[in-house]
Amino acid sequence: MSGTTLVGTRCHSRGRLALVQAAQATRGRLLLVVVAVVVVALNQRPAVVGVAPVLGQLRADTGLSSALAGLLTALPVLCFGVFAPVAPQLARRVGLGTAVAASLVLLAAGTALRLLPPVVALYAGTVVAGGAIAVANVLVPAYVKREFAEPGLVMGVYSAALNVGAALAAGLTVPIGAALGWDWRGALAVWGLLAVLALAVWLPVAGTGRVARVGAPGPSWGLLRHGLAWRVTLFLGMQSTQFYGLSAWLPTLLVDAGLPAAEAGLLLAVATVTGAVGAFLGPTLAGRLQVRGGGSGRWSGWCWPATSWGWAACCCRRAPAPWCGSRCSGWRRAAGSRWG
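Positions within a chain are numbered from 1, following the residues in the order the chain's sequence is written. Only residues with pLDDT of 70 or above have their local features reported here, since the model is predicted, and side-chain atom pairs are shown and tallied only from 80 upward, although totals for entire chains, interfaces and linings are computed over all residues. Side-chain metrics rest on all non-hydrogen atoms present in the structure, leaving aside hydrogens and water.

1. Description of the overall build of the chain
To qualify as a helix, a DSSP run of H or I must reach at least 4 residues; to qualify as a strand, a run of E must reach at least 2; elements of each kind are numbered from the N terminus. A tally of regular secondary structure across the chain gives 13 helices and zero strands. When the helices and strands of the chain are read in sequence order from the N terminus, they spell out α-α-α-α-α-α-α-α-α-α-α-α-α. To sort residues, take the accessible area from a 1.4 Å probe on protein chains only and compare it with the maximum for the residue type: under 20% means buried, over 50% means exposed, and anything in between is partly exposed. Buried positions account for 44% of the 340 residues belonging to the chain. In what follows, a contact means two residues having at least one pair of non-hydrogen atoms within 4.5 Å. A separation threshold of at least 6 residues defines the contact pool for the chain, and within that pool the share at least 24 residues apart is 81%. By element, 69% of the accessible surface of the chain is carried by carbon and sulfur atoms, the whole surface being about 16700 Å². Residue exposure ignores everything except the shown protein chains as possible cover, and the areas themselves are Shrake-Rupley values with a 1.4 Å probe.

The following block contains the structure:
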C-alpha cells in the first residue's frame with residue numbers, strides 16, 4: 001500500500017470517528033435538554049394545585065372567607081391570561097433560555113413570599129408565582145420546537161410531566177407536611193425548593209440550541225379573524241375551567257364529604273395521573289379507531305358526560321365511588337384535550 005493511500009485511509013477513519021463523536025455529543029446534549037424540560041414542567045402546576053389539599057388548614061389559620069379562598073385559587077389562572085402576552089416580548093429581549101430561567105427565579109420567590117405571615121403576602125406571592133408560570137407555559141413549548149426538528153414526542157413528555165407535577169403536589173403536600181411536622185406554609189415551601197432544583201438543571205442547557213430555527217413565539221393577532229380559532233379557544237377555555245375547578249375544589253368537597261385531607265389530595269392525584277396516561281394513549285386510540293376529523297368531535301363530546309358523573313361520584317360518601325370518579329374525570333380531561 002502506498003503512503004498516499006495509507007494517509008487517505010487514516011484521514012477517512014478519523015473523519016468517521018469525528019462524525020460519530022459529534023453525533024453522540026448531540027444526542028447527549030438533547031437528552032440533557034429533555035431532562036431540563038421535564039424538570040421545568042414539573043414546576044408548572046404545584047404552585048396552583050398544592051394549595052387545594054391544605055385549603056382547610058389555610059382558612060382556619062388565616063380566617064379567609066369562602067369568597068377570599070375562591071379568589072386565592074382563581075388568581076393563578078387569571079395570571080396565566082394576564083401575563084402570557086408578556087412572555088414573547090421578554091423572550092425577544094433576553095432570549096428564550098434566559099426568560100425561562102427568570103420565570104423559575106420568580107416562581108421560587110413567589111412561593112417564598114406566600115409563606116410570610118401577612119395575608120396580603122399570600123396573595124402577592126400567588127400573583128408572582130402565577131405570572132412566572134404563565135411565562136413558562138408560553139416559552140417552554142417554543143424552546144422545545146427550537147431544539148428539536150421533530151418535537152412531537154418531547155411535547156408529549158412535556159405534557160405528561162405537567163400532569164405528573166400536579167399529581168405530586170396534590171398527593172404529597174399533606175403527607176409531607178404531616179411527616180415533617182410542618183403546617184401548610186411548610187408543606188407549600190417544598191414546591192419552592194423544586195423550582196430551585198429546576199433552575200439548577202435548566203441553566204446548563206439554557207443557552208444551547210439552534211437559535212436560528214425559532215427564537216421566540218411571535219404575535220398571532222391575525223388568528224382572531226378565523227372562526228375556527230374562536231371555537232378552539234372556547235373549547236380549551238371550557239377544558240381549563242373544568243381542570244382548574246377540579247384542582248381547586250375537589251379536595252375541599254371530599255373533606256366536606258367526610259374524607260381525610262390526605263386521602264382527598266390523593267384522589268386529586270389519581271385523577272391527574274390518570275389524565276397523564278390518557279394524554280399518551282388518547283391520540284393513539286383515536287388513530288386506530290379512525291375518529292380524527294368529525295369523528296374526534298363525537299368522541300370528545302361523548303367524554304364530557306363522564307366529567308359530570310366523575311364529580312358526582314367523587315363527592316359520594318360510598319367508599320369505591322370517589323376513586324372511580326377520580327379516574328373517570330382524569331380520563332375525560334385527557335381525552336377531551338387531545339381529541340379536541
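2. Examining the packing of aromatic side chains
Two aromatic rings are characterised by how far apart their centres lie and by the angle between their planes. Stacked, tilted and edge-to-face are the three classes assigned to paired rings of Phe, Tyr and Trp, where Trp is represented by its six-membered ring and a pair needs centres within 6.5 Å; plane angles under 30 degrees give stacked, over 60 edge-to-face, the rest tilted. Scanning all chains against the criterion turns up one aromatic pair. Taking the centre distance of 4.7 Å and the plane angle of 55 degrees together, the rings of Tyr143 and Trp202 count as tilted. In this pair, Tyr143 sits in helix α7 (residues 119-147) while Trp202 sits in helix α9 (residues 184-206), placing the two residues 59 residues apart along the sequence. On the basis of relative accessible area, Tyr143 is assigned to the buried category, the value being 0%.

3. A short note on the packing of α7 against helix α8 (residues 152-180)
A fitted line through C-alpha atoms represents every axis, and for helices the fit uses only the stretch in contact; the resulting angles, taken between N-to-C directions, go from 0 to 180 degrees. The contact between α7 and α8 brings their axes to 10 Å, and the two run at 150 degrees. What the angle tells us is that α7 and α8 run roughly antiparallel. Crossing handedness for the pair α7 and α8: right-handed. Within the contact between the two elements, α7 uses Ala136, Asn137, Val140, Pro141 and Val144 and α8 uses Val154, Met155 and Tyr158. Lys, Arg, Asp and Glu make up the charged group, whereas Ala, Val, Leu, Ile, Met, Phe, Trp, Tyr, Cys and Pro make up the nonpolar group; the residues left over, Gly among them, are polar. Broken down by class, the residue content of the contact of α7 with α8 amounts to seven nonpolar, one polar and no charged. Throughout, the term roughly parallel applies to angles under 35 degrees, roughly antiparallel to angles over 145, roughly perpendicular to angles from 65 to 115, and oblique to all others. Crossing chirality is assigned from the near helix's rotation relative to the far helix, an anticlockwise turn below a right angle marking it left-handed and a clockwise turn marking it right-handed.

4. A word on the nonpolar core
What we call a nonpolar core is a set of buried Ala, Val, Leu, Ile, Met, Phe, Trp, Tyr and Cys residues that are connected through their side-chain atoms within 4.5 Å. One finds Val37, Leu139, Val140 and Trp202 to be the most contacted residues of the largest nonpolar core, which totals 46 residues. Broken down by element, the residue count for this core peaks at eight residues, all from α8. Dropping the residues within four chain positions of it, Trp202 is found in contact with Ala36, Val37, Val40, Gly97, Val100, Ala101, Leu104 and Tyr143. Of all hydrophobic cores here, the second largest spans 13 residues; its members include Val51, Val54, Tyr123 and Val174.

5. A short note on helix α3 (residues 55-62)
Listed as buried for α3 are Leu55, Leu58 and Thr62. Projected down its long axis, α3 shows its buried positions confined to an angular sector of 60 degrees, all on one face. Seen from the open side of α3, the exposed residues pointing more than 90 degrees away from its buried face are Gly56 and Ala60. Gly63 sits one or two residues past α3 and shows a positive phi near 75 degrees. Each C-beta atom gives one direction from the helix axis, and the arc is the one those directions make.

6. Here we look at helix α4 (residues 66-83)
Because an α-helix packs 3.6 residues into every turn, residues spaced three or four apart end up facing the same way. A rise of 1.5 Å per residue sets the reference length of α4, with its 18 residues, at 26 Å; its end C-alpha atoms lie 26 Å apart and thus fit the reference within 8%. The bend reported for a residue corresponds to the angle between axes fitted to the seven residues ending at that residue and the seven starting there. If you look at α4, its biggest bend is around 35 degrees, right at Ala74, and the proline Pro76 turns up within four residues after that. Of the positions making up α4, those classed as buried are Ala69, Leu72, Thr73, Leu75, Pro76, Cys79 and Phe80. Helices are assigned an expected span. That span is 1.5 Å times one less than the residue count.

7. Some details on the confidence of the model for the chain
Each residue carries a pLDDT score, the predictor's own confidence in it, on a scale running from 0 to 100. Averaged over every residue, the pLDDT of the chain is 75; residues scoring 70 or more account for 66%. Within the chain, the element-level pLDDT minimum falls on helix α13 (residues 320-339), averaging 46, and the maximum on helix α6 (residues 96-113), averaging 95. The model gives residues 210-215 a pLDDT under 50, and that stretch makes 13 contacts with residues more than four places away or in other chains. Ignoring residues within four places in sequence, the model shows residues 290-297, a span with pLDDT below 50, making seven contacts including any to other chains.

8. Brief notes about the environment of Gln44
Along the chain, Gln44 turns up in the loop between α1 (3-42) and α2 (46-49). With a relative accessible area of 2%, Gln44 lands in the buried category. With 91 residues separating them in the primary sequence, Gln44 and Val135 have C-alpha atoms 10.0 Å apart. Among all residues touching Gln44, those that are not within four sequence positions of it are Ile133, Ala136, Asn137, Val140, Tyr158 and Leu162. Any pair of N or O atoms that falls within 3.5 Å is considered a polar contact. Within protein, one atom must be able to donate a hydrogen and the other to accept it, and sequence-neighbouring residues count only if both atoms are side-chain atoms. Among the polar contacts listed, one links the side chain of Gln44 to the side chain of Asn137, at a separation of 2.4 Å. Of note is the side chain of Gln44, whose polar atom sits 3.2 Å from the side chain of Tyr158.

9. A closer look at the pattern of salt bridges
One side-chain nitrogen of Lys or Arg within 4 Å of one carboxyl oxygen of Asp or Glu is enough to make a salt bridge. Scanning all chains against the criterion turns up two salt bridges. For Arg185, the salt bridge identified is with Asp61, shortest N-O distance 3.0 Å. Taken together, the residues span a long stretch of sequence, with Arg185 in helix α9 and Asp61 in helix α3 at a distance of 124 residues. Overall, the relative accessible area of 16% leaves Arg185 in the buried class. Its relative accessible area of 45% is what places Asp61 among the partly exposed residues. Arg146 is the partner of Glu147 in a salt bridge, and the nearest nitrogen-oxygen pair spans 3.1 Å. Across the pair, exposure class does not vary: Glu147 and Arg146 are buried alike.

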